[in-house]
Amino acid sequence: MSEPKRPILTDDGYQVSASCPVIISASRATDIPAYYADWFIHRLEKGYVRWINRYHPALPYYVSFEDTRAIVFWSKNPAPLLPYLHYLDTRGYVYYFQFTLTDYGLEGLEPGLSPLHERVSTFIKLSERLGRDRVIWRFDPILLTPSLDMPTLLSRIRTIGDSVSAYTNKFVFSFVDTSYAKVKKQAAIWQFRTLNQEERAEFVRGIVRMNQTWNLSLASCADEAIYHPAVDHNKCIDDVLLRRIGQHDSALMRYLDRFSEKDRGQRPACRCIRSKDIGQYDTCLHGCVYCYATDHERARIHAEKHTENPRSDTITGEMGPMLSLRRTGNDIQTYL
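Anyway, here's the lowdown on the structure attached to this text. Along every chain, residues carry numbers that run from 1 in the direction the sequence is written. Where totals are concerned, whole chains, interfaces and linings use all residues; where local detail is concerned, this predicted model gives features only for residues with pLDDT of at least 70, and gives and counts side-chain atom pairs only at 80 or more. Think of the side-chain values as coming from all heavy atoms in the structure, minus any hydrogens and water.

**Details of the overall build of the chain**
Heads up, the rule is: In this description a helix means any DSSP run of H or I spanning at least four residues, a strand means any run of E spanning at least two, and both kinds are numbered starting from the N terminus. When we talk radius of gyration, it's over C-alpha atoms, and the globule rule is simply 2.2 Å times the number of residues to the 0.38. Only protein chains enter the accessibility calculation, which uses a 1.4 Å probe; a residue whose area is less than 20% of its type maximum is buried, one above 50% is exposed, and one in between is partly exposed. Contacts between residues were defined by any pair of non-hydrogen atoms, one from each residue, lying within 4.5 Å. Here the Shrake-Rupley method, with its probe set to 1.4 Å, supplies the accessible areas, and only the displayed protein chains count as covering residues. Charge assignment in this entry is limited to Lys and Arg as positive and Asp and Glu as negative, and neither His nor the chain termini are counted. Here the site of a charge means NZ on Lys, CZ on Arg, CG on Asp, or CD on Glu.
Scanning the chain from N- to C-terminus turns up 10 helices and 14 strands. What you see for the chain is a C-alpha radius of gyration of 20 Å, in line with the 20 Å of a compact globule of 336 residues. With the C-alpha coordinates aligned to their principal axes, the bounding extent of the chain is approximately 70 × 45 × 35 Å. Taken across its 336 residues, the chain has 53% of its residues classed as buried. Counting contacts in the chain only where the partners sit at least 6 residues apart, residues at least 24 apart contribute 70% of the total. Put simply, the chain shows about 15,900 Å² of open surface, and 50% of that area lies on carbon and sulfur atoms. Across the chain, 43 positive and 40 negative side-chain charges occur, with their mean positions spaced 3 Å apart.

**Some points on the pairing of strand β1 (residues 5-9)**
So the rule is basically this: DSSP bridges decide pairing: two strands pair if at least two such bridges lie between them.
Relative to strand β2 (residues 15-19), β1 runs antiparallel, the two sharing 5 bridges. Paired with R6 across the strands is A18, a residue of β2. What sits between β1 and β2 in their antiparallel hairpin is a turn of 5 residues, with G13 showing a positive phi close to 90 degrees.

**A look at the state of the cysteines**
Selection rule: Disulfides are defined as pairs of cysteine sulfur atoms found within 2.5 Å of each other.
In the structure shown here, the tally under the stated rule is 0 disulfides. C221 supplies the cysteine sulfur nearest to C236, a cysteine that is in no disulfide, at a spacing of 3.7 Å. Note on C236: relative accessible area 2%, which makes it buried. For C270, which is in no disulfide, the shortest distance to another cysteine sulfur is to C272 and amounts to 3.6 Å.

**Here we look at the packing of aromatic side chains**
Worth spelling out the cut-off: In this analysis, rings of Phe, Tyr and Trp, with Trp reduced to its six-membered ring, are considered paired at centre separations within 6.5 Å, and the interplanar angle assigns stacked below 30 degrees, edge-to-face beyond 60, and tilted for intermediate values. Definition used: whenever NZ (Lys) or CZ (Arg) falls within 6 Å of the ring centre and also within 35 degrees of the ring normal, the charge is taken to sit over that ring.
Evaluation of the coordinates by the stated rule reveals 22 aromatic pairs. Considering the side-chain rings of W51 and Y61, the 6.0 Å spacing of their centres and the 85 degrees angle between planes classify their relative orientation as edge-to-face. Remark: Y61 occurs in strand β5 (residues 61-64) and W51 occurs in strand β4 (residues 48-51); sequence separation between them is 10 residues. Assessed through its relative accessible area of 18%, W51 is described here as buried. By relative accessible area, Y61 is classed as partly exposed at 28%. Among the aromatic side chains, those forming a connected cluster through ring pairs are W137, F171, F173, F175, F203, W214 and Y227. Positioned above the aromatic ring of Y48 is the side chain of R43, whose terminal nitrogen or guanidinium carbon lies 4.7 Å from the ring centre. Above the ring of F259, the side-chain terminus of R274 is found at 4.7 Å from the ring centroid.

**Here's the deal with the sheet that holds strand β10 (residues 217-220)**
Pairing is parallel across the open sheet formed by 8 strands, whose spatial order is β11-β10-β9-β8-β7-β6-β3-β12. Since the sheet does not close on itself, it has two edges, and those belong to β11 (231-233) and β12 (276-277), each with one partner.

Given below as C-alpha cells:
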C-alpha cells in the first residue's frame, strides 16, 4: 500500500500532489545532519520537500510532513543538527540516529570526515541528550586493504567501542559491497576489498569476543548470512525500537499496528520497515571512496547550487521544475 497523497502548495504557490509518509528516513542517500541540517529544519517548517529521482529527474516527487511522526537520521557527523534537537522535541517528533563511527583515516578512504575524537565526542553528547536507545553505533562498511589487516581493523573497532559502548545499546556492521560498478572501480584504485567467508567468520568472532565487555546488541545490516547466534539481522528503520521510544505517540502506534511489513523498495536482504527517504544521491561531501551513493564531482556541483539557494525545496538547490499546469478560475492546479 502506498502512502496517501494530498494537495499542497509549493513555495511558489502552485498546487501539487504530495505523499504524506509517517516515517521519514534522513537519509541513506546523503548525510543530511552533517551538511544540510539548516535546510532540513527549514523544510520541516515549510512542511514539504521536493525529492528528485535520479533516474527520472524531470518527474519531481513531493513529500509532505503533514503526517510525519518519526524520523530516522543517518550520519557520520550529526554535530550541526545538535542545536535543533529542542526544535524536533517541541514539534513532537519521535527520532533516533544511525551514527556511523569508522576509522579509515590512515588509509585515506574518508577524506572529508572530521577527526575521530571529535566524532566520538559528538556521539557521547548525542547519547547524553537522547539516551542510549536512540543513538546506534554503526561500523560500516567493513573492508580490508594491503596495509589494513584483520587484527588492526579489530583493534580500531575495540578502541571506538571502549569509548562509546556505555552510550549505546547496539552495534551494527556490514561488509563493503563491491558489486556496484562505482565501488568496484574505486576498490581497484584504492586497493580495498571485501572479506571472504573465513575472514567474515573471524571478524564476527572478534566482535563477539569484544562484546563480552561491551554487552551490546550485535546486528548485521542487509545481510542474509547467519554468522553467530549472538548476531541478529538488523532493521535500520525499526518498528520495535520506534514502539519503545515512541510509545507515547498514539498516532505512530496506530500506524505501526497496521504497517510494520518490510519496505519493498529496499534490497532483498534489507529488513527495514517502510519509510520515505528524502535524501539525494550525489550530494554528500564526506568523500568516502567506498560510497555507492555519491559521485564526488557531482556532489561538489550540487553543494555549490545548494549554497546559492539554501532554502530551495530540494537539497540540490535547483529551481522548481516546469510543471504541467492548468488554470481553473483564479487557481493554478498542477498535474504530475
